[in-house]
Amino acid sequence: MASPPPPATAELRHAAGTLGSPTFLDVRDITATYVEGGNRLTALRDCSFTVARAEFVALIGPSGCGKSTLLDIIAGLLTPDDGSIVIDGRTTTAAQRLGLAGYMRQRDLLLPWRTALDNAALGLEIAGVPRAQARAAVRARLPEFGLAGFERAWPGQLSGGMRQRVAFLRTVLTDRLLLLLDEPFGALDEFTRNKLDADLRALWRKRGMTVVFVTHSVYEAVYLSGRVVVMQARPGRIIADVPIGGPAERDEAY
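Heads up: these notes are all about the structure in this document. Because the structure is predicted, anything quoted here is derived from the model rather than measured.

All right, on to the nonpolar core then. Counting 35 residues, the largest nonpolar core has Val138, Phe168, Leu169, Leu200 and Val211 as the members making the most contacts within it. Elements represented by at least two residues in this core include exactly α4 (116-126), α5 (131-141), α6 (160-173), β7 (178-182), α7 (190-207), β8 (210-214) and α8 (218-224). Residues Val27, Leu44, Phe49 and Leu71 belong to the second largest nonpolar core, which totals 28 residues.

The next point concerns the pairing of strand β6 (residues 101-104). Along β6, one buried face is formed by Ala101 and Tyr103 and the opposite face, lined by Gly102 and Met104, is buried too. Here β6 runs beside β7; their pairing, made up of 4 bridges, is parallel. Paired with Tyr103 across the bridge in β7 is Leu180.

A contiguous patch of negative charge, built from Asp29, Asp46, Asp81 and Asp82, is present on the exposed surface. Its location among the elements puts Asp82 in strand β4 (residues 82-87).

Any two side chains of opposite charge can pair, so long as their charged atoms come close to each other. In total, this model carries 15 salt bridges according to the counting rule given. Among the ionic pairs, Glu55 bridges to Arg227, the shortest N-O distance being 3.0 Å. Of this pair, Glu55 sits in the loop between β2 (39-52) and β3 (56-60) while Arg227 sits in strand β9 (residues 227-231); the two residues are 172 residues apart in sequence, bridging distant segments of the chain. With respect to burial, Glu55 and Arg227 carry one shared label: buried. In this structure, Arg114 and Glu125 form a salt bridge, with 2.8 Å as the shortest nitrogen-oxygen distance. Placement of the pair is Arg114 in the loop between β6 and α4 and Glu125 in helix α4, with a sequence separation of 11 residues. Relative accessible area serves as the criterion here: at 14%, Arg114 is assigned to the buried category. Taking relative accessible area as the criterion, Glu125 reaches 22% and is therefore assigned partly exposed. Connected through salt bridges with shared partners, the residues Arg53, Asp88 and Arg90 form a single ionic network.

Quick look at α6 now. Taking 1.5 Å per residue as the helical rise, α6 with its 14 residues ought to reach 20 Å, and the 20 Å between its terminal C-alpha atoms agrees with that figure. Among the 14 residues of α6, 12 are classified as buried, and the element is accordingly described as predominantly covered. Listed as buried for α6 are Gly161, Met162, Gln164, Arg165, Val166, Ala167, Phe168, Leu169, Arg170, Thr171, Val172 and Leu173. Just past α6, the residue Asp175 takes up positive phi, approximately 60°.

On the basis of which strands lie adjacent, the open sheet formed by 4 strands has the order β2-β1-β4-β5 and antiparallel pairing. Two strands bound the open sheet, and with one partner strand each, they are β2 and β5 (90-92). Averaged over all neighbouring strand pairs, the angle between strand axes comes to 30°, with direction disregarded. Of the pairings in the sheet, the one linking strand β1 (residues 23-36) to β4 comprises 5 bridges and is antiparallel in character. If you follow Asp26 over to β4, its bridge partner there is Val86. Relative to β1, helix α2 (residues 67-75) is tilted by about 120°, and along the sheet it contacts β1, β2 and β4.

It is worth spelling out the sheet that holds β8 at this point. The 6 strands are arranged β6-β7-β8-β3-β9-β10 in an open sheet whose pairing can be described as mixed. Every other strand in the sheet has two partners, leaving β6 and β10 (238-243) as the edge strands with one partner each. Averaged over all neighbouring strand pairs, the angle between strand axes comes to 15°, with direction disregarded. The sheet contacts of α2 involve β3, β6, β7, β8 and β9, and relative to β7 the element is tilted by about 155°. Here α7 sits on the sheet in contact with β3, β7 and β8, set at roughly 160° to β8.

Where α5 meets α6, the axes come as close as 11 Å, and the angle between the chain directions of the two elements is 120°. Classified by the interaxial angle, the pair formed by α5 and α6 is oblique. Judged by the twist between their axes, the crossing of α5 over α6 is right-handed. Two secondary-structure elements touch here, α5 through Ala137, Val138 and Arg141 and α6 through Leu169, Val172 and Leu173. When its residues are assigned to classes, the contact of α5 with α6 shows 5 nonpolar, no polar and 1 charged.

Criteria and thresholds
- Residues numbered from 1 in each chain as written.
- Predicted model: local features only at pLDDT ≥ 70, side-chain atom pairs only at ≥ 80, totals over all residues.
- Heavy atoms only, no water.
- Core = buried A, V, L, I, M, F, W, Y, C linked by side-chain atoms within 4.5 Å.
- Buried < 20%, exposed > 50% of the residue type's maximum accessible area, 1.4 Å probe, protein only.
- Helix = DSSP H or I, 4+ residues; strand = E, 2+ residues; numbered from the N terminus.
- Pairing = 2+ DSSP bridges.
- Patch = residues over 30% accessible without salt bridge, like charges linked within 9 Å, V, L, I, M, F, W, Y side chains within 5 Å.
- Areas by Shrake-Rupley, 256 points an atom, 1.4 Å probe, with all protein chains shown as cover.
- Salt bridge = Lys/Arg side-chain N within 4 Å of Asp/Glu carboxyl O.
- Lys, Arg positive; Asp, Glu negative; His and termini not counted.
- Charge placed at Lys NZ, Arg CZ, Asp CG, Glu CD.
- Expected span 1.5 Å × (residues − 1).
- Axes fitted to C-alpha atoms, helices over the stretch in contact; angles between N-to-C directions.
- Contact = heavy atoms within 4.5 Å.
- Parallel < 35°, antiparallel > 145°, perpendicular 65-115°, else oblique.
- Left-handed = near helix turned anticlockwise from the far one by under 90°.
- Nonpolar A, V, L, I, M, F, W, Y, C, P; charged D, E, K, R; others polar.

Spatial relationships are all this shows, so hold off on functional conclusions.
As structure tokens, this is what we get:
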């Protein structure tokens, strides 16, 4: 007889059990075009998938298939030509989605004139948190993100992995229930990437965020997620939605 699943954390039970619909994100028939060299090109065509509350879904596909465009639309940075984005049971406009998700791209986008501490606090400050309070929130989480002792370092003094940790902390501190990650560790060496993947998965299990994670790596998608959504080359569309089995607790050998 199969072993019972591990008990959910209090945070995950709260996120999954007390807020609205069990489907948190519903991407419905998204089509998007853009103009290049005077020609209108279709980037996405009829893309649809759902993500349950507190679920971790990986989005994979070849370069140029529209993965980043789709995340930009979900985040409210772009408006699609057709289709809709439903969040927690409500159809939303792009303007309504702005600021709803924590969004991290492949580039860390750290400001060179701000220390690691102040870069990590930036998202909170933009959200209106007083600077002293934002800095205190960052200090409390530095050890968890492997940044203890680096709060006064400038971005130019940090390794690529450390810079990504700062950017990751900045994203997570905004405490959004929806997290959009666009190849956040793709430019790092394999050892650093594997460690940050493990840190991300542990954080997701602890806090119960709803995550959409874009990657080119099938290994990374399988290791991190409970489902893998596969896109075809441009015009991008969903061609497979694959559930991932395996233990809830995974190590790098999985």
